[in-house]
Amino acid sequence: MARTRDFFAVRAADWDARFPDDGPRYAAAVAELAPRPGDSVLDAGCGTGRALPPLRAAVGPEGRVLGADVTPEMLHEAATRHPGAADLLLADCARLPLPDGTLDAVFAAGLLSHLPDPARALGELARVARPGARLALFHPVGRAALAARHGRAVTPDDLRAEPNLRPLLAAAGWRLTSYTDVDDRYLALAERT
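Fair warning: this is a prediction, and the values are worked out from it, not measured in the lab.

**Observations concerning the side chain of Arg50**
Here's step 1: Take Arg50: it is sitting in the loop between strand S1 (40-44) and helix H4 (52-59).
Here's step 2: On the basis of relative accessibility, which here comes to 14%, the residue Arg50 falls in the buried class.
Here's step 3: Beyond its immediate chain neighbours, meaning those up to four positions away, Arg50 contacts Trp15, Asp16, Phe19, Pro20, Asp22, Gly23, Tyr26 and His82.

**Quick word on the sheet that holds strand S6 (residues 174-182)**
Here's step 1: Here we have seven strands laid out as an open sheet, ordered S3-S2-S1-S4-S5-S7-S6, and mixed in their pairing. Strand pairing shows two members of the sheet lacking a second neighbour, strand S3 (87-90) and S6, which therefore form its edges. Across the sheet, the axes of successive neighbouring strands diverge by a mean angle of 15 degrees, strand direction being ignored.
Here's step 2: Relative to strand S7 (residues 185-192), S6 runs antiparallel, the two sharing eight bridges. What sits directly across from Trp174, in S7, is Arg192.
Here's step 3: Against the sheet, helix H3 (residues 23-33) makes contact with strand S4 (103-109), strand S5 (129-139) and S7, and its axis sits at roughly 150 degrees relative to S4, the strand it touches most.
Here's step 4: Lying on the sheet, helix H5 (residues 72-81) is in contact with strand S2 (64-69) and S3; it crosses S3 at an angle near 170 degrees.

**Things to note about the packing of aromatic side chains**
Here's step 1: Counting across every chain of the model gives four aromatic pairs.
Here's step 2: Here Tyr26 and Phe138 contribute two aromatic rings whose centre-to-centre distance is 5.0 Å and whose plane-to-plane angle is 75 degrees, an arrangement assigned as edge-to-face. Taken together, the positions of Tyr26 in helix H3 and Phe138 in strand S5 put the pair 112 residues apart, joining distant regions of the chain.
Here's step 3: Look at Tyr179 and Tyr186: their rings are 5.6 Å apart centre to centre, the planes differ by 90 degrees, and that puts the pair in the edge-to-face class.
Here's step 4: Under the relative-accessibility criterion, Tyr186 is labelled buried at 3%.
Here's step 5: Taken together, the aromatic side chains of Tyr26, Phe107 and Phe138 make up a single cluster linked through ring pairs.

**Here's the deal with unusual backbone geometry**
Here's step 1: For Ala34, which is not glycine, the phi dihedral falls at a positive 60 degrees.
Here's step 2: Along the polypeptide, Ala34 turns up in the loop between H3 and S1.
Here's step 3: When its relative accessible area of 35% is taken as the criterion, Ala34 is described as partly exposed.

**Notes on the state of the cysteines**
Here's step 1: In this structure the tally under the stated criterion is zero disulfides.
Here's step 2: Here Cys46 is not disulfide-linked; the sulfur of Cys93 is the nearest cysteine sulfur, at 8.5 Å.

**Observations regarding the pattern of salt bridges**
Here's step 1: Counted according to the given criterion, the structure contains 14 salt bridges.
Here's step 2: The partner of Arg95 in a salt bridge is Asp92, with the nearest N and O atoms 3.2 Å apart.
Here's step 3: Look at Arg95 and you get exposed, because its relative accessible area is 51%.
Here's step 4: For Asp92, a relative accessible area of 12% gives the class buried.
Here's step 5: The salt bridge partner of Asp181 is Arg143, with a shortest N-O separation of 2.7 Å. Separated by 38 residues along the polypeptide, Asp181 in strand S6 and Arg143 in helix H7 (residues 143-149) bring together distant segments of the chain.
Here's step 6: Overall, the relative accessible area of 28% leaves Asp181 in the partly exposed class.
Here's step 7: One salt-bridge network, in which partners are shared between bridges, spans Arg143, Asp158, Arg160 and Asp181.

**Concerning helix H8 (residues 162-172)**
Each turn of an α-helix holds 3.6 residues, which means side chains three or four residues apart point in the same direction.
Here's step 1: Among the residues of H8, those classed as buried are Leu165, Leu168, Leu169 and Ala172. Projected down its long axis, H8 shows its buried positions confined to an angular sector of 100 degrees, all on one face. For H8, the exposed residues set more than 90 degrees away from the buried face come down to Pro163 and Ala171.
Here's step 2: Contacts from the buried residues of H8 go to helix H6 (118-127), S5, S6 and S7.
Here's step 3: Downstream of H8 by a residue or two, Gly173 has a phi angle that is positive, lying close to 105 degrees.

About the criteria used
- Residues numbered from 1 in each chain as written.
- Predicted model: local features only at pLDDT ≥ 70, side-chain atom pairs only at ≥ 80, totals over all residues.
- Heavy atoms only, no water.
- Helix = DSSP H or I, 4+ residues; strand = E, 2+ residues; numbered from the N terminus.
- Buried < 20%, exposed > 50% of the residue type's maximum accessible area, 1.4 Å probe, protein only.
- Contact = heavy atoms within 4.5 Å.
- Pairing = 2+ DSSP bridges.
- Axes fitted to C-alpha atoms, helices over the stretch in contact; angles between N-to-C directions.
- Phe/Tyr/Trp six-rings, centres within 6.5 Å; stacked < 30°, edge-to-face > 60°.
- Disulfide = S-S within 2.5 Å.
- Salt bridge = Lys/Arg side-chain N within 4 Å of Asp/Glu carboxyl O.
- Arc of directions from axis to C-beta.

Structure representation (structure tokens):
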């Protein structure tokens, strides 16, 4: 986690400026996650909080929105940019300070590639989710576009590839229900079993 924290700490203040057109993609992904009024939802690895306003709008004033991140600087940006949108937690997604079965939905943007143990974190997200809860693993660009952005090629061992992701989710207590990986969007939706 220290490596992830160090990477994002120095980038927090200008993170959104680097990707200024991603907001509508976050809103569309939250709409597909379909949180309902009154739901309790978590933005796991919330960063600067781009998903917090659409999550808050979806669950309404009776709902609960939590944002968790390991980087204090990212949480500071989220609190500054989206005051009152969520309760923010300085927390590792593999060790959440939440009771079992309390969430109706989990949104996670760009999270998997930054986790030292993705299986453990997905299991932890399942622990805090109610049976039937929904999970969205999202990125505003697809795997091939993201790899190209970093000067790499997509490899068969990529955890986010459907053949790898489906059993990883299943072992953690999730059932993959929808999978989209195109240039301008990556969205895997799952349900808590």
